Amino acid sequence: ALPVYGAPGTSKERTFIAVKPDGVQRNLVGEIISRFERRGYKLVGLKLLVPPVELAKEHYADLSSKPFFAGLVDYMTNGRAPVVGMVWEGPSVIKQGRIMLGATDPKNSGTGTIRGDFCLSIGRNIVHGSDSAESAEKEISLWFGGKGEVVNWTSNNEEWVISEN
Ligand code: IDP
Ligand code: MG
């Protein structure tokens with residue numbers, strides 16, 4: 001059976017994308033979902049939550065020594081708005097998801113990317129995306145590890161979206 005984190009390098013590759021609290025507060029959930037849908041990616045996981053502090057700390061564990069870490073965890077977990085966590089599936093979704101997001105600092109994000117179109121500041125960059133196959137595996141397991149939280153389903157569009165010939 002396909003693991004929750006998918007099969008990197010195949011048409012079943014999966015990534016973890018999240019609309020952060022500022023993106024939810026600014027009513028950009030639909031816009032961000034639409035961009036992934038219209039590209040042809042398939043939504044296989046979706047939840048709205050105020051993440052527990054321990055979840056946010058584990059999610060950003062590689063940044064724990066940074067000066068902005070405490071503020072980052074507070075921003076994600078203080079409940080002034082929830083996070084929308086998603087798992088998206090399709091060819092090269094990890095790399096393409098990052099390209100669709102734009103650079104970490106929106107001041108360096110191109111117009112046409114989510115960050116380049118909708119935000120201005122590195123501390124309020126509205127969206128998260130896994131940066132590698134290893135991160136995708138870790139993050140999908142962390143946010144969607146419960147039984148049945150990621151749904152395997154066949155899109156009737158698939159033959160019109162995915163072919164190598
Ligand atoms: P990414 O979100 O593009 O993968 P990372 O380097 O993994 O970028 O950083 C994770 C998140 O931490 C960023 O999206 C941003 O919200 C926050 N962050 C990164 N660098 C800074 C900073 O210098 N100041 C404040 N927040 C930062
Ligand atoms: Mg990152």
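Residues numbered from 1 in each chain as written. Chains lettered and ligands numbered in written order. Predicted model: local features only at pLDDT ≥ 70, side-chain atom pairs only at ≥ 80, totals over all residues. Heavy atoms only, no water.

The name an unreviewed UniProt entry assigns to the chain is Nucleoside diphosphate kinase, from the organism Linderina pennispora. UniProt, in its Cofactor (unreviewed entry) section for the chain, records the words "Mg(2+)". One UniProt comment on the chain, placed under Sequence similarities (unreviewed entry), says "Belongs to the NDK family." (UniProt positions renumbered as here; feature names shortened; annotations may be inferred.)

What follows is about unusual backbone geometry. Even without glycine at this site, Asn27 takes up a positive phi of about 65°. Here Asn27 lies in the loop between helix H1 (21-25) and helix H2 (29-39). Judged by relative accessible area, Asn27 falls into the exposed class, the value being 66%. A positive phi angle, close to 60°, is found at Ile126, a residue other than glycine. Its place among the elements puts Ile126 in the loop between helix H6 (114-118) and strand S4 (127-129). (Helix = DSSP H or I, 4+ residues; strand = E, 2+ residues; numbered from the N terminus. Buried < 20%, exposed > 50% of the residue type's maximum accessible area, 1.4 Å probe, protein only.)

Where helix H5 (residues 93-101) is concerned, the buried positions are Val93, Ile94, Gln96, Gly97, Met100 and Leu101. Along its buried surface, H5 packs onto strand S1 (14-19), H2, strand S3 (83-89), H6, S4 and helix H7 (133-143). (Contact = heavy atoms within 4.5 Å.)

Close to ligand 1 lie Lys20, Tyr60, Leu63, Phe68, Leu72, Arg98, Thr104, Arg115, Ile122 and Asn125, which account for all nearby residues. Arg98 is positioned with one of its side-chain polar atoms (N or O) 2.7 Å from an oxygen atom of ligand 1. Between ligand 1 and Thr104 there is a distance of 2.5 Å, counted from an oxygen atom to a side-chain nitrogen or oxygen. Its free accessible area being 530 Å², ligand 1 has 77% of it covered by the protein chains. (Near = heavy atom within 4 Å. Polar contact = N/O pair within 3.5 Å; in protein donor to acceptor, adjacent residues only side chain to side chain. Areas by Shrake-Rupley, 256 points an atom, 1.4 Å probe, with all protein chains shown as cover.)

According to UniProt, the feature "domain: Nucleoside diphosphate kinase-like" (unreviewed entry) maps to residues 12-151 in the numbering used here. Between the C-alpha atoms that bound residues 12-151 the distance is 12 Å, and the span itself is 41% helix and 17% strand.

Strand order in the open sheet formed by 4 strands is S2-S3-S1-S4, with antiparallel pairing between adjacent strands. Each edge of the sheet is formed by a strand with only one pairing partner; in this case those strands are strand S2 (42-49) and S4. Between one strand axis and the next, the sheet turns through 15° on average, direction left out of account. Pairing between S2 and S3: 7 bridges, direction antiparallel. (Pairing = 2+ DSSP bridges. Axes fitted to C-alpha atoms, helices over the stretch in contact; angles between N-to-C directions.)

Counting residues in each nonpolar core, the largest one holds 38 residues, and the members touching the most others are Ile32, Phe36, Met86 and Trp88. Those elements that provide at least two residues to this core are S1, H2, S2, helix H3 (53-59), helix H4 (69-77), S3, H5 and H7. (Core = buried A, V, L, I, M, F, W, Y, C linked by side-chain atoms within 4.5 Å.)

Here we come to the packing of H2 against H5. Viewed as axis vectors pointing N to C, H2 and H5 meet at an angle of 135°, and their least axial separation amounts to 12 Å. If you check the angle between H2 and H5, you find them oblique. In the crossing of H2 with H5, the sense of the turn from one axis to the other is right-handed. Of H5, the residues touching H2 (which contributes Arg35, Phe36 and Arg39) are Gln96, Gly97, Met100 and Leu101. Class assignment of the residues belonging to the contact of H2 with H5 gives a composition of 3 nonpolar, 2 polar and 2 charged. (Parallel < 35°, antiparallel > 145°, perpendicular 65-115°, else oblique. Left-handed = near helix turned anticlockwise from the far one by under 90°. Nonpolar A, V, L, I, M, F, W, Y, C, P; charged D, E, K, R; others polar.)

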